[in-house]
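# Examining the three-dimensional arrangement
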Amino acid sequence: KELTDHYGESSSIDEFARKAQLVGAMNSKSIWEVWNYNKHHYGDRYASGLLFWYHNCPVKQVCARMWDHSLEPTASLYHTQNALEPLHVQFDYLKNSVSVYNDYYQSFKGYQVSAEVYDLNTKMVWNKSMLVDIPEDGVVNDLFSIDFPKNITQVHFIKLRLHDEKGREVANTFYWRSNDKYEGRKTLTGPTSSGFESLSNLPTVKLNSKIRSYQKDGRHYIELNVKNTTRRLAFFTQIQLLDTSEKPVRPSFYTDNFFSLLPGESKVIVIDTSLNDMPTEASLIIKGWNVIDKSYRIKI
């Protein structure tokens, strides 16, 4: 609860649950990116594996990591998915450095890493790019550091991108960060943990979206294309497929969720559900931290 309250005290259980998703996303991505950084002694210590405690526990009180007790995926799952993509560019909150992780048994030469920093008003206040050769099954740590401006807003955002030798984007990662100082491992402080109350000041945005539904091989697919045509960040956007009682349609598999879109960015999400589990009528909901709700009616 203390970590969740660092996003502002909640006036309802729904608000608390929404903020808790942010805490889960941050915690999980950080865990896996520490593993990436230290893979086989590339970083400060040797790491050959990682135990993710309680990630699939049937006890309701301790199970809510990658999915809750009802098997509804949480933000933790999708931010873990991003952190563990085989080619990944990542940020270190303590060192302020940018690194590239490669899980392929193939090296990559002439790739470009770029970093952009945006303030709470979605104004770019810092950026840098650098060419990098990425070793096979290895890591390039601390490629460069991000120099945050002294007058930057209390909460700000980081977008990392990785482009191949032909200029095509092959990976990207998004972070939110505060100016709070880390006061030690026995405290809930620092740029990952506290000082996020001003996120409530983000202006609302409306996303452009269109959907396509189709059936194939006994499964129902919904393809959703969302685009941010505004000048503001669309933060922590969530997609939900709900039945007529407003309960999630389970099991449904989303290619991504709980994502953020900078101005001009777009994303395609595919939701895959067995026809046996798909109700004859459902609703596809688009919502987010500062995203205006939108609903599509889905009929089989």
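Predicted, not measured: the structure shown is a model, and the values here were computed from it.

### Re the packing of aromatic side chains
Counted according to the given criterion, the structure contains 17 aromatic pairs. With a centroid separation of 6.4 Å and an interplanar angle of 55°, the aromatic rings of Phe 174 and Phe 235 are classed as tilted. With a gap of 61 residues between them, Phe 174 in strand β7 (residues 169-178) and Phe 235 in strand β10 (residues 234-242) connect regions that are remote in the sequence. A relative accessible area of 10% means that Phe 174 is categorised as buried. Overall, Phe 235 belongs to the buried group, its relative accessible area being 0%. Residue placement shows Arg 18 over the ring face of Trp 289; its charged tip is 4.8 Å from the ring centre. Here the guanidinium or amino end of Arg 177 rests over the ring plane of Phe 148, the centre of that ring lying 3.8 Å away.

### Remarks on the pairing of strand β9 (residues 219-227)
Across nine bridges, the pairing between strand β8 (residues 208-216) and β9 is antiparallel. Residue pairing in the sheet places Asn 208 in a bridge with Lys 227 of β9. Between β8 and the antiparallel strand that follows it, β9, lie two residues; Asp 217 among them carries a positive phi value of about 50°. By the bridge criterion, nine bridges tie β9 to strand β13 (residues 266-274) in an arrangement that is antiparallel. Paired with Leu 224 across the strands is Ile 269, a residue of β13.

Parameters and conventions
Residues numbered from 1 in each chain as written. Predicted model: local features only at pLDDT ≥ 70, side-chain atom pairs only at ≥ 80, totals over all residues. Heavy atoms only, no water. Phe/Tyr/Trp six-rings, centres within 6.5 Å; stacked < 30°, edge-to-face > 60°. Helix = DSSP H or I, 4+ residues; strand = E, 2+ residues; numbered from the N terminus. Buried < 20%, exposed > 50% of the residue type's maximum accessible area, 1.4 Å probe, protein only. Lys NZ or Arg CZ within 6 Å of the ring centre and 35° of its normal. Pairing = 2+ DSSP bridges.

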